[in-house]
Amino acid sequence: MKGLFKSKPKTPVDLVRQTRDLLIYADYNSDTRESKREEKMLELSKLIRELKSILYGNSESEPVSEACAKLTQEFFRENTLRLLIICLPKLNLEARKDATQVVANLQRQQVHSRLIACDYLEANIDLMDILISGYENMDMALHYGAMLRECIRHQSVARYVLESEHMKKFFDYIQIPNFDIAADAAATFKELMTRHKSTVAEFLSKNYDWFFAEYNSNLLESTNYITRRQAVKLLGDILLDRSNSAVMTRYVSSRDNLRILMNLLRESSKSIQIEAFHVFKLFAANQNKPPDIVGILVANRSKLLRLFADFKTDKEDEQFEADKAQVVKEIAALETQDHP
Amino acid sequence: MAHEEEEPRKVQFPLDSNCYQILDEIGRGVSAIVYKAICLPMNSTVVAIKAIDLDRSRADFDDVRREAKTMSLLSHPNILRAHCSFTVDRRLWVVMPFMSAGSLQSIVLSSFPDGHLHRDIKAGNILIDSNGSVKLTDFGVSASIYESYSAAGSSAVSSSASSLMLTDVAGTPYWMAPEVIHSHTGYSLKADIWSFGITALELAHGRPPLSHLPPSKSLIMKITKRFRFSDYDKNNNSKKKFSKYFKDMVGLCLDQDPSKRPSADKLLKHSFFKNCKGSDFLVKNVLQGLPTVEQRFKKTKLLRLASMNKSEEDEDDDELLGEKIKERRISGWNFNIDGFELDPVFPTGKVDDINIVKKVRFGGEMVIQEKGRDSDTSNASSQGQNQVGGEGVGHNGGDGGGEAEIDGGGVNPEVMMGSLLFLKHSLENQKQNVSYMIGLLHGEESVEASREEQLMQVIEKLRSELENEKKKKFELEMELENLKLQLSNASD
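The sections below set out a description of the structure shown in this document. (Residues numbered from 1 in each chain as written. Chains lettered and ligands numbered in written order. Predicted model: local features only at pLDDT ≥ 70, side-chain atom pairs only at ≥ 80, totals over all residues. Heavy atoms only, no water.)

Focus: the overall build of chain B
Okay, step 1: If you tally the helices and strands in chain B, you get 18 helices and eight strands.
Okay, step 2: A burial count over chain B gives 47% of its 492 residues as buried.
Okay, step 3: Restricting to contacts in chain B with at least 6 residues of sequence separation, those with at least 24 account for 70%.
Okay, step 4: Just so you have it, chain B exposes about 24500 Å², and 54% of that area is on carbon and sulfur atoms. (Helix = DSSP H or I, 4+ residues; strand = E, 2+ residues; numbered from the N terminus. Buried < 20%, exposed > 50% of the residue type's maximum accessible area, 1.4 Å probe, protein only. Contact = heavy atoms within 4.5 Å. Areas by Shrake-Rupley, 256 points an atom, 1.4 Å probe, with all protein chains shown as cover.)

Structure representation (structure tokens):
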């Protein structure tokens, strides 16, 4: 067997077929004789490594686009991706990493100027469920998470995830105690909330109420420093995006939201303060401030102005200074309707 | 190669800081401290904990995330793999195996006691265990593990080095390949080969080439462009003799053209490595008689402190008290307008707070910001600010909301240590200033003896003034709040 494999160079299509055969073997034969199984798994690892070197090239050669296209086509012609995802826990660590890189690369491969990975995933969208639930399995989380982030580069796939029940789980995943996993989940969450502008805007306007309720209470008011910091940064990114302007207007009209942001402004962490400012400025700059927002700003005017008086970024930042001046101007000019 | 069918995570280390007992500090960088610790529930296994200050990381934490991921997914006998990582307030704890011999940098430092070693050293990322096994660590974030950034020891570059510590965390460029410095896109694995060559020179000389220059990128950029190992070698081989193989090997690595540098595989076949001895050699010849990691760290820390006292004041303020950033906090917001009892905030007269808060802040500034009536006091306190760090003014006048944390309620030993060092330093400065002034006024030698007493008196006086002003201000604020409350009640 071994000698045969080594003797002649295998075509990309052969490699994919052999990989698929071995994946099917790995999937169905969990109790075959130990040594035989080990041999097959070793072979599988080697094949996956070969697939990787076709897609990425190696120290001697650059990837060849024709070979990549053939590989991609064969890969998605049948159910190889599903098999690979399902069998991933059975592979050893190195093979898992190689497989993750292969899957990531395949998402960007074009065949006849089409991203056929996208077509495949649309037809097999339940694979996303497997990848997302990976965050509940410590050993698989980083591999499945990396694959997931590559898959949601496709807008239709991202839309599926956004509209699924999984979205709610991200609020927990982000706060998993294992930092590496939590950070991976946060990166995926950020990607979901920022990559496809129109889809995100649509999602937020449809799901505004529950989403921001969760966002505020679970993330912005989390006891965990890193959760708060990431959340307030992401919130700024979301609200400042032009495509989300309707959502932004709604967000900055809420007294509860203002209260949360003002509490973040007085955190001891300078970084959180700065990020909070970038959201707070939207409340202040809003030209149609509801009376209760105006009321809060006026009631805290002197404290706010004092805070901003020596509020500086570590590095000089002209934009920040300009924003700050604007906010100070807005707040200083506020008149209370209720207390003339 | 995927030959080892090992479990990705053999043992799960606890993700709770209470399970670890910190024994000693063994390294310190710009935004990270490395401790030697034991993991209590696991038979007190000795571990190293790298505590990274996340407040200094960028908000997307991409770099930290990548490092954490790399550290938990890499499996190579020569790469250090983390046991686990979790956050402890603002710090990320990366728990990893304790490499008892510490970093190559620290070992080299022991062998070149007066060498000009730099903080962002590549050898700082190469760790050695007591059995001589070598592991690479630290994948591109914050300060390097086990690294004792001793740059302050070299006076020539200390000023530029310490400003760099605050701004350019990515590190000094001495090890960077020319193409890495020049372009932002096109470089490859071959850049590591360059760095390897530089590291070889660093180990041979005790410092990397060009490191007598300030680590400004642009400068190094100009020089590396024309840097030829052969030239460097000519100028440097006056005292030290290196083998032909060594010179040839390093010369190959330091080729301006990346494609001409050997790959790692090829390099391993080089005659220089053919004659390499195993880890036993390392244990016998290098590790024996070496002070422990803890001892070495303490020594460099002392050196650093000593050199710091000589250098400019504001510089090492920043360096020492990373935590002590000028910051302003608001005790609480008024959300109780128009009868909304969202978050009622008014002082509750917790006068005791004044004494509780110990975190050093530029408290004087709070006072300066007050209106005209405080202008007299602001002089006193801005003086005090330099002298005693305005200790204690950081308290926030109390608040009823229960949301504001009271700083320093629990004693943070790091902050304490930093504050104490800062205090000590400023006291010394003050002592010098005062004696200088006394010298000017009296021109007498005899005053020397009582300097310290006088100094203490001045400080005491300033302190009590400050204390009084704080009380005054606090009372005024309370009054103000009460008036406001009455006003809003009246208007409702």
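Considering the overall build of chain A
Okay, step 1: From N to C terminus, chain A includes 21 helices and two strands.
Okay, step 2: Evaluated residue by residue, chain A yields a buried proportion of 59% over its 340 residues.
Okay, step 3: Nonlocal contacts in chain A, meaning residues at least 24 apart in sequence, comprise 70% of its contacts between residues at least 6 apart.
Okay, step 4: A total of about 14700 Å² of accessible surface is found on chain A, and carbon and sulfur atoms cover 50% of it.

Focus: the pairing of strand β5 (residues 91-97) of chain B
All names here are of chain B.
Okay, step 1: Within β5, six of the seven residues are buried, which leaves the element mostly enclosed by the surrounding structure.
Okay, step 2: By the bridge criterion, seven bridges tie strand β3 (residues 45-53) to β5 in an arrangement that is antiparallel. When the bridges of β5 are listed, valine 47 appears paired with proline 97.
Okay, step 3: Note: strand β4 (residues 84-88) against β5, five bridges, orientation antiparallel. Bridging across to β5, serine 85 finds its partner in valine 94. (Pairing = 2+ DSSP bridges.)

Thoughts on helix α5 (residues 80-87) of chain A
Okay, step 1: The element α5 of chain A is largely enclosed, with a buried count of seven among its eight residues.
Okay, step 2: Buried within α5 of chain A are the following residues: Thr80, Leu81, Arg82, Leu83, Leu84, Ile85 and Cys87 of chain A.

Details of helix α11 (residues 166-173) of chain A
Okay, step 1: By the burial criterion, the buried members of α11 of chain A are His166, Met167, Phe170, Phe171 and Tyr173 of chain A.
Okay, step 2: The inward-facing, buried residues of α11 of chain A abut α8 (127-133), α9 (141-151), α10 (155-163), α12 (179-194), α13 (197-206) and α14 (208-220) of chain A.

Overview of the packing of aromatic side chains
Residues and elements named next belong to chain A.
Okay, step 1: If you walk through the whole model with that rule in mind, you get 29 aromatic pairs over all chains.
Okay, step 2: Seen in terms of ring centroids, phenylalanine 203 and tryptophan 210 are 6.3 Å apart; in terms of plane orientation they differ by 80 degrees. Their pairing is edge-to-face.
Okay, step 3: Residue phenylalanine 203 is classed as buried on the basis of its relative accessible area of 4%.
Okay, step 4: Taking the ring centre of tyrosine 25 as reference, the NZ or CZ of lysine 40 above it sits at 4.8 Å.
Okay, step 5: The cationic tip of lysine 168 hangs over the ring face of tryptophan 210; the distance from NZ or CZ to the ring centre is 4.7 Å. (Phe/Tyr/Trp six-rings, centres within 6.5 Å; stacked < 30°, edge-to-face > 60°. Lys NZ or Arg CZ within 6 Å of the ring centre and 35° of its normal.)

Some details on the environment of lysine 46 of chain A
Okay, step 1: Mapped onto the elements, lysine 46 of chain A comes out in helix α3 (residues 34-56).
Okay, step 2: The spatial distance from the C-alpha of lysine 46 of chain A to the C-alpha of threonine 19 of chain A is 9.3 Å, given a sequence separation of 27 residues.

Quick word on the pattern of salt bridges
Okay, step 1: All told, the structure shown has 34 salt bridges over all chains when counted by the stated rule.
Okay, step 2: Ionic contacts of the salt-bridge type, sharing partners, join the residues Arg17, Arg20, Glu74, Arg77 and Glu78 of chain A into one network. (Salt bridge = Lys/Arg side-chain N within 4 Å of Asp/Glu carboxyl O.)

Some thoughts on the nonpolar core
Okay, step 1: Counting residues in hydrophobic clusters, the biggest one holds 130 residues, and the most contacted among them are Phe189, Met193, Tyr215 and Phe280 of chain A.
Okay, step 2: In contact with tyrosine 215 of chain A, other than residues within four places in its own chain, are Phe171, Phe189, Leu220, Ala231, Leu234 and Leu235 of chain A.
Okay, step 3: Counting 15 residues, the second largest nonpolar core, distinct from the first, contains Tyr35, Ala37, Met42 and Val47 of chain B. (Core = buried A, V, L, I, M, F, W, Y, C linked by side-chain atoms within 4.5 Å.)

A closer look at the packing of helix α17 (residues 255-265) of chain A against helix α18 (residues 270-285) of chain A
All names here are of chain A.
Okay, step 1: Contact geometry of α17 with α18 gives a least axis separation of 8 Å together with a crossing angle of 150 degrees. Where α17 crosses over α18, the two elements pack in a sense that is left-handed. On α18, the residues that touch Asn257, Leu258, Leu261, Met262, Leu264 and Leu265 of α17 are Ile272, Gln273, Ala276, Phe277, Val279, Phe280 and Phe283.
Okay, step 2: Here the residues of the contact of α17 with α18 sort into eleven nonpolar, two polar and no charged. (Axes fitted to C-alpha atoms, helices over the stretch in contact; angles between N-to-C directions. Left-handed = near helix turned anticlockwise from the far one by under 90°. Nonpolar A, V, L, I, M, F, W, Y, C, P; charged D, E, K, R; others polar.)

Looking at the packing of α3 of chain A against helix α4 (residues 65-77) of chain A
The angle between the axes and the distance between the axes are what describe a pair of packed helices.
All names here are of chain A.
Okay, step 1: Across the interface, α3 lies against α4 with an axial gap of 8 Å and an inter-helix angle of 135 degrees. Relative to α4, α3 is oriented oblique. Considering only the axes of α3 and α4, their crossing is left-handed. Taking contact as the criterion, the partners of Leu51, Ile54 and Leu55 in α3 are, on α4, Ala67, Cys68, Leu71 and Phe75.
Okay, step 2: Across the contact of α3 with α4, the residue classes break down as seven nonpolar, no polar and no charged. (Parallel < 35°, antiparallel > 145°, perpendicular 65-115°, else oblique.)

Some thoughts on the pairing of strand β1 (residues 20-28) of chain B
For a regular strand, side chains alternate in direction, first toward one face of the sheet and then toward the other.
Residues and elements named next belong to chain B.
Okay, step 1: Pairing geometry for β1 and strand β2 (residues 32-39), over seven bridges, is antiparallel. Across the sheet, residue tyrosine 20 finds its bridge partner in β2, namely cysteine 39.
Okay, step 2: Connecting β1 to the antiparallel partner β2 that follows it, the hairpin turn spans three residues.

Notes on the state of the cysteines
By definition, a disulfide is the covalent link that joins the sulfur atoms of two cysteine residues.
Okay, step 1: Under the definition given, this model contains zero disulfides over all chains.
Okay, step 2: Cysteine 151 of chain A provides the cysteine sulfur closest to cysteine 118 of chain A, a residue in no disulfide bond, and the two sulfurs are 9.8 Å apart. (Disulfide = S-S within 2.5 Å.)

Comments concerning the sheet that holds β3 of chain B
To summarise the sheet geometry, strands pair through backbone hydrogen bonds and adopt either a parallel or an antiparallel arrangement.
All names here are of chain B.
Okay, step 1: Taken together, the five strands give an open sheet; going across it, the order is β1-β2-β3-β5-β4, and neighbouring strands pair in antiparallel fashion. Every interior strand has two partners, whereas the edge strands, β1 and β4, have only one. Taken pair by pair, the neighbouring strands of this sheet meet at an average axis angle of 30 degrees, ignoring direction.
Okay, step 2: The sheet strands contacting helix α1 (residues 62-73) are β3, β4 and β5, and the helix crosses β5 at an angle near 20 degrees.

Thoughts on the side chain of glutamate 150 of chain A
Okay, step 1: With respect to the helices, strands and loops of the structure, glutamate 150 of chain A is situated in helix α9.
Okay, step 2: Residues within four places of glutamate 150 of chain A in sequence aside, it is in contact with Ala104, Gln107 and Arg108 of chain A.

Some thoughts on unusual backbone geometry
Residue and element names in this part refer to chain A.
Okay, step 1: For histidine 112, which is not a glycine, the phi torsion comes out positive at approximately 50 degrees.
Okay, step 2: With respect to the helices and strands, histidine 112 occurs in the loop between β1 (110-111) and β2 (114-115).
Okay, step 3: A residue is classified by how much of its surface remains accessible, and histidine 112, at 69% relative accessible area, is exposed.
Okay, step 4: Even without a glycine there, the phi angle at serine 113 is positive, about 50 degrees.
Okay, step 5: Mapped onto the elements of the fold, serine 113 is located in the loop between β1 and β2.

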